[in-house]
Amino acid sequence: MEDGSSEDEDGSSVDRSESADHPTTGSTDQSASELTDRAEDQSVPENQRGSRDEEQINIAQEIFSQQEDPIFANKSLLEISHIPSFDRIVGRDEEIRKLSEELRGAVQGYSPENVIIYGKTGTGKSLVSKYVSSQAVNNAHEDVEIGFQYLDCSTDNTETQAASTLARSFNDSLQTGFEIPERGLSTAAYYKRLWRTLESLYDVVIIILDEADMMADDDLLMKLSRAGESGNTDCRIGVIAISNKIEWADDLNERVKSSLQPKELSFHPYDAEQLEEILQHRRDAFKPNVLEEGVIPLCAAYAASDFGDARKAIDILRHAGNIAYERNADHVTEQHVKDARTKAEKDRFRELIEGIPQQAKASLLALAILSLNSEQEEFPTQLVYRQYQNICDNIGQDVRSERRFRDILKELAFLGIVDNRKENLGRSGGITLLNRLVEEPEIVYEIIRDDTRFESLTDHLSNS
Ligand SMILES: Nc1ncnc2c1ncn2[C@@H]1O[C@H](COP(=O)(O)OP(=O)(O)OP(=O)(O)O)[C@@H](O)[C@H]1O
C-alpha cells in the first residue's frame, strides 16, 4: 500500500511506515530516547514537540522520583497475596490446630489425610492451608522430603492444565534433569512427568486445590487420590480441596469419595472484632500516626456487614490509603474509608451494570431518576414504565411493551440490582409491584450516564 500501511492477516490495516527504523513496540530494551524519537515522528506539530515531550517526561519523572511516601511504610502487607506470619493470623487457632493434626503424618513421611475446607470468601481458607503446609515442610523429620503446591482451579480448570501446572511447579530441572513444557503434551504425558517428578524429589507432597469446585470434572481428584494405589508413584500425596460451596463434596463421584475419604473443616465468617484485629496487625503497612483513630474500626465494620470477609477489610484499608495519597493528605481519615468503600461498591456494580443490555439500562435509569427526585424508595411498575418510555423517546431507542418491561425488571431483580415486592392496594387498586434500587441511585445514575448511548439524555428529563 502506498501510504505505508498494509493488510494484516486478520484483514485489519496496520501502519508499518516506522517499523524499519524503530524496534517493535514492547521490546524490553527499548530506550527512553527511542520512545521520544517515536513520539516526534507522529502528529504533534514540530514547533510544539519539544515542550510537549518535556512535559510528559516531567510528569513521569515527578511521579517516579517521589521516593518519600507520606502514607505507606510497607504496602506489601496489604497485598492479598501476602502470607502473614503466624503472629499476624487472627482467630484461626482452632482451624490451624485441626488442619495440622490432619497433616501430621506428613512430617514423619506417612500419608497426610485428605481435607476439604469450606467457608465463605475471605475467611482465611487459603491462608491457613498455605501456612500449615509450609509449617509441615519446615518441621519435616530429617530424612523426610516434603513439598507443597497451591493450584488455583479457577484458572487451571481442566485436567490437562492442572496436571501441567502441578508437574512444572513441583519440578526442579537441575535435580530431575528434565524440563516440562507449559503446553503441547497430552494429559497422560503431563501426569507421567508429574509422577516422575514426585518420585525423584519428594517423599510426601501436599497439594492445595483452591476453588476445587471450579474443576471441569473430578478426574484430577481421582488420579491424585489413587496415584499410590495405581502404582504411579511411591510419593505420598495429601490433598487440601477448598470450596465456597458446602454441597460440593456431596456431588463428588462415589469412587472419588471412597478413595479420597476426606476430613471436613468449615471456616466461619469473621466478626467485626476479629476483622479489626486482623487490620491492627497490619497497621505497620502505614507510616506511624498516619491512620486516624476511627479508620480501622470503620473498615472492619464495613467488612463485617459484608459477610465477614477479611479480604474486603484489607482492600478497603488499602484503597483508603491510596485515596489519601492521591489527595496529598497527611492522614488517612474516616472519610477516605467511606470513599474507598463507595469506590469498591461502584467498581463491583459498574462491572455488573456494564454487562446488561441497553433496554435493561434504560429501565434501571428510569428507576434511578425517580428515586433521585423523590423521598420515596419504591415505585409501582407503571410509573417506572412511563419514565422508561420518556428516556427511550429522548435518546431515540425502541420502547418495549409493558409486559416485556415487567420481565426486564424481574431479570434485574434476579441479578440483585433491583428489589421488587407485591403490594395489595385493596379492592380498588388490586395488586401492584413495587420496585426499589438495591444500590444508591446516585451511583446507578452515574454509571449509566457514563455509557455514551445515554449521553444525549436531556437534563430536563434527568432532573424531572
Ligand atoms: N485470620 C486471618 N488473619 C490475618 N489475615 C487474614 C486472616 N484471614 C484472612 N486473612 C487475609 O485475608 C485475605 C483473604 O484470605 P484468604 O485468601 O485466605 O480467604 P479465602 O477464605 O481463601 O477466600 P476465597 O474463598 O475468596 O479464596 C488474605 O489477604 C489473607 O491474608
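Because the structure is predicted, anything quoted here is derived from the model rather than measured.

Analysis parameters
- Residues numbered from 1 in each chain as written.
- Predicted model: local features only at pLDDT ≥ 70, side-chain atom pairs only at ≥ 80, totals over all residues.
- Heavy atoms only, no water.
- Salt bridge = Lys/Arg side-chain N within 4 Å of Asp/Glu carboxyl O.
- Helix = DSSP H or I, 4+ residues; strand = E, 2+ residues; numbered from the N terminus.
- Buried < 20%, exposed > 50% of the residue type's maximum accessible area, 1.4 Å probe, protein only.
- Near = heavy atom within 4 Å.
- Polar contact = N/O pair within 3.5 Å; in protein donor to acceptor, adjacent residues only side chain to side chain.
- Areas by Shrake-Rupley, 256 points an atom, 1.4 Å probe, with all protein chains shown as cover.
- Nonpolar A, V, L, I, M, F, W, Y, C, P; charged D, E, K, R; others polar.
- Domains from an automatic or database assignment.
- Pairing = 2+ DSSP bridges.
- Axes fitted to C-alpha atoms, helices over the stretch in contact; angles between N-to-C directions.
- Contact = heavy atoms within 4.5 Å.
- Core = buried A, V, L, I, M, F, W, Y, C linked by side-chain atoms within 4.5 Å.

A. Structural detail: the pattern of salt bridges. For the structure shown, the criterion picks out 22 salt bridges. Across the pair Arg 88 and Asp 284 runs a salt bridge, and its minimum N-O distance is 2.7 Å. Remark: Asp 284 occurs in the loop between helix H10 (272–280) and helix H11 (295–305) and Arg 88 occurs in the loop between helix H2 (46–64) and helix H3 (93–107); sequence separation between them is 196 residues. By relative accessible area, Asp 284 is classed as partly exposed at 38%. For Glu 411, the salt bridge is made with Arg 404, and the minimal N-O distance between the two is 3.4 Å. Judged by relative accessible area, Glu 411 falls into the partly exposed class, the value being 43%. What makes Arg 404 partly exposed here is its relative accessible area of 31%.

B. Up close: the site of the ligand. If you check the shell around the ligand, you find 23 residues, and the closest are Val 90, Thr 121, Lys 125, Ser 126 and Tyr 270. For the ligand, an oxygen atom lies 3.1 Å from a polar atom in the side chain of Asn 244. Contact with the protein chains covers 95% of the free accessible surface of the ligand, which is 630 Å². At the level of secondary structure, the elements contributing two or more residues to the shell around the ligand comprise helix H4 (125–138) and helix H12 (310–326). Its residues assigned to classes, the shell around the ligand shows nine nonpolar, seven polar and seven charged. Both of domain 2 (92–267) and domain 3 (270–348) provide at least three residues apiece to the shell around the ligand.

C. Representation of the sheet that holds strand S5 (residues 204–210). The five strands lie next to each other as S4-S5-S6-S3-S7, forming an open sheet whose pairing is parallel. Bordering the open sheet on either side are strand S4 (146–152) and strand S7 (263–267), each of which pairs with just one other strand. Mean inter-strand twist for the sheet, computed between neighbouring axes without regard to direction, equals 15 degrees. The sheet contact formed by S4 and S5 spans seven bridges and is parallel. Within S5, the residue paired with Leu 151 across the bridge is Leu 209. Along the sheet face, H3 touches strand S3 (115–119), S4, S5, strand S6 (236–243) and S7 and points at about 150 degrees away from the line of S7. Lying on the sheet, H4 is in contact with S3, S4, S5, S6 and S7; it crosses S4 at an angle near 165 degrees.

D. Highlighting the nonpolar core. Leu 194, Leu 198, Leu 209 and Leu 220 are the most contacted members of the largest nonpolar core, which has 37 residues in total. Put simply, the parts of the chain that give this core at least two residues each are S3, helix H5 (159–170), helix H7 (187–201), S5, helix H8 (219–225), S6 and helix H9 (254–260). Sort the elements by how many residues they give to this core and H7 lands first, with six residues. Beyond its immediate stretch of four places on either side in the chain, Leu 220 contacts Leu 151, Glu 159, Ala 162, Leu 166, Tyr 191, Leu 209 and Met 215. If you look at the next biggest cluster of nonpolar residues, it comprises 33 residues, including Ala 360, Cys 392, Ile 395 and Val 418.

E. The pairing of strand S10 (residues 431–437), seen in detail. Judged by how many residues are buried, S10 sits mostly within the fold: five of seven residues are covered. In terms of strand pairing, strand S8 (residues 378–380) meets S10 through three bridges, oriented antiparallel. From the neighbouring strand, Glu 378 faces S10, where its bridge partner is Arg 436. Relative to S10, strand S9 (residues 418–424) runs antiparallel, the two sharing seven bridges. Bridge assignment links Lys 422 to a residue of S10, and that residue is Leu 433.

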